[in-house]
Amino acid sequence: LCRTKTGLSRFLLKLFIFSMLIPFSSIMIPLYKVTLALGIKNSLLGLSFVYAGLGVSMAIFLYHGFVKSIPTEMEAAAIDGCGSVQTFFRIVLPMLKPITATITITNVLWVWNDFLLPLIVISDSKKYTLLLSTNTLFGQYSSDWTAILSALILAALPVIGFYAVFQKQILKGIADGAVKG
């Protein structure tokens, strides 16, 4: 989408950007109907497909901005005999590591902390995500606050560990985004 200057590529980019402007609350009911129609309701694989579909527009937008900042001279490997596939895997893909790390980190944090989408797609309590399972500890007449707080701490530990492991990449992605801005 970035390197081809056609009307179709510009249209597709605008379509992806426009899809990010649509609030999730306005697509909840149609999304529920689509998951029912496709037979992926109450399926963790179906939930993964929905997450991928909702997250792809942001990833394309970020990749587009990052690739646009890479000079085309960096991709002039055709002179050395590389085809377009070799050029992508040997030159472009290694340069995309910072933005790929940033997109991966933001998507992992988004998916882990999301409550509403699994609530819509998953109805079987055996397939609940960790946050949905934590929600079952709240009752109408009573709540076991010790169990709730313990579950919330356990739910936060993987995200804290994930951040601790990938802290350098997170900061590098933020810094690269600020410099390339």
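Asker: Is there a simple way to think about the confidence of the model for the chain in this case?
Answerer: Predicted coordinates in regions of low pLDDT should not be interpreted in detail. Averaged over all residues, the pLDDT of the chain equals 85, while 92% of them reach at least 70. In the model of the chain, helix H9 (residues 167-180) stands out as the element of lowest mean pLDDT, 64, in contrast to helix H2 (residues 28-38), which has the highest, 93.

Asker: Looking at this structure, how should I read the layout of surface pockets?
Answerer: To find leftover empty space, a probe the size of one water molecule is rolled over the atoms. Its volume calculated, the largest pocket comes out at about 320 Å³. The set of elements that each furnish at least two residues to the lining of the largest pocket consists of helix H1 (7-21), helix H3 (44-68) and helix H6 (116-121). Broken down by element, the lining of the largest pocket gets its largest block of residues, five residues, from H3. Split by residue class, the lining of the largest pocket holds eleven nonpolar, three polar and one charged.

Asker: Would you explain a nonpolar patch on the surface in this entry?
Answerer: Taken together, the side chains of Val85, Phe88, Phe89 and Leu93 make up a nonpolar region of the molecular surface, amounting to roughly 380 Å² of accessible area. Residue classification places Phe88 among the partly exposed positions, given a relative accessible area of 35%.

Calculation criteria
Residues numbered from 1 in each chain as written. Predicted model: local features only at pLDDT ≥ 70, side-chain atom pairs only at ≥ 80, totals over all residues. Heavy atoms only, no water. pLDDT = per-residue confidence, 0-100. Helix = DSSP H or I, 4+ residues; strand = E, 2+ residues; numbered from the N terminus. 1 Å grid on protein atoms, 1.4 Å probe; cavity = no way out; pocket = protein on both sides within 12 Å on 5 of 7 lines; lining within 4 Å. Points joined across faces, edges and corners; volume = space filled by probe spheres on them. Nonpolar A, V, L, I, M, F, W, Y, C, P; charged D, E, K, R; others polar. Patch = residues over 30% accessible without salt bridge, like charges linked within 9 Å, V, L, I, M, F, W, Y side chains within 5 Å. Areas by Shrake-Rupley, 256 points an atom, 1.4 Å probe, with all protein chains shown as cover. Salt bridge = Lys/Arg side-chain N within 4 Å of Asp/Glu carboxyl O. Buried < 20%, exposed > 50% of the residue type's maximum accessible area, 1.4 Å probe, protein only.

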